Amino acid sequence: RLNYKKENYTNSIKWLHKNGYVIFIHGIDNLKIKKKDFPNVFFVNNFAKNFDNKLINIYLLFKGDLHISQNSGSVCLAEALGKEIVVTECFPFCNGLPGKQMIRLLFPKIRISNKIYNLKNYVNTKYFFGEGFDNDRVKLIPNTSKQILNTIKDTKLNYCLNIKFPRNSSIYYRKNNKIYI
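Residues numbered from 1 in each chain as written. Predicted model: local features only at pLDDT ≥ 70, side-chain atom pairs only at ≥ 80, totals over all residues. Heavy atoms only, no water.

1. Some remarks on the pattern of salt bridges
Two side chains bearing opposite charge may form a pair once their charged atoms approach each other closely. According to the stated counting rule, one finds three salt bridges in the structure shown. Note that Asp-37 is salt-bridged to Lys-36, the shortest N-O span being 3.9 Å. Residue classification places Lys-36 among the exposed positions, given a relative accessible area of 69%. Across the pair Arg-104 and Glu-84 runs a salt bridge whose closest N-O atoms are separated by 2.2 Å. You can see Arg-104 sitting in strand β5 (residues 103-106) and its partner Glu-84 sitting in strand β4 (residues 84-87), a full 20 residues away along the chain. Residue Arg-104 is classed as buried on the basis of its relative accessible area, which comes to 0%. (Salt bridge = Lys/Arg side-chain N within 4 Å of Asp/Glu carboxyl O. Buried < 20%, exposed > 50% of the residue type's maximum accessible area, 1.4 Å probe, protein only. Helix = DSSP H or I, 4+ residues; strand = E, 2+ residues; numbered from the N terminus.)

Shown next, in the form of structure tokens:
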């Protein structure tokens, strides 16, 4: 959906596996992960031949402890189920996520022409509200492997930032969101 790089999630998957998580990966068929080295990593797309993919997704959200996703409808269901949530590649920037559950949001950088900006630089610009992404000179930059892993590992919220969001954005009113860049 975004200009993300699936390979940037590999270190996080390996860390989660090492720490006892069983990982179900949605939306991609494979990564450079050897099954014999990571027996608790499964690709949901590979189950689709035998099961209804929608039912599998709902079941896994219900049974899971940690939900890592881009900003999508599955995050709302995970929030309603009281799951721990990390949203990576968070876009659109101005929305935030509803509910009372604390959610860690990792925002991407953007490239405008040849200059790179992080959330602190674009929070008070038209780009924060999604304007200007319809041309070739403005691009989202995928979160790095290190950013994703550090956000997942920061369960004590030691590295989240206090960003002052514009009053006319919904994220301004969603105080439960913890921000990472």
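2. Quick look at the sheet that holds β5
Read from one edge of the open sheet, four strands run β3-β4-β5-β9, paired in parallel fashion. In the strand order of this sheet, the two ends are held by β3 (66-69) and β9 (177-180), each with one partner. Here the average twist between neighbouring strands, direction ignored, is 20 degrees. As defined by bridge partners, β5 adjoins β9 across four bridges and the pair is classed as parallel. Directly across from Leu-106, in β9, lies its bridge partner Tyr-180. Here helix α5 (residues 145-153) sits on the sheet in contact with β3, β4, β5 and β9, set at roughly 165 degrees to β5. (Pairing = 2+ DSSP bridges. Axes fitted to C-alpha atoms, helices over the stretch in contact; angles between N-to-C directions. Contact = heavy atoms within 4.5 Å.)

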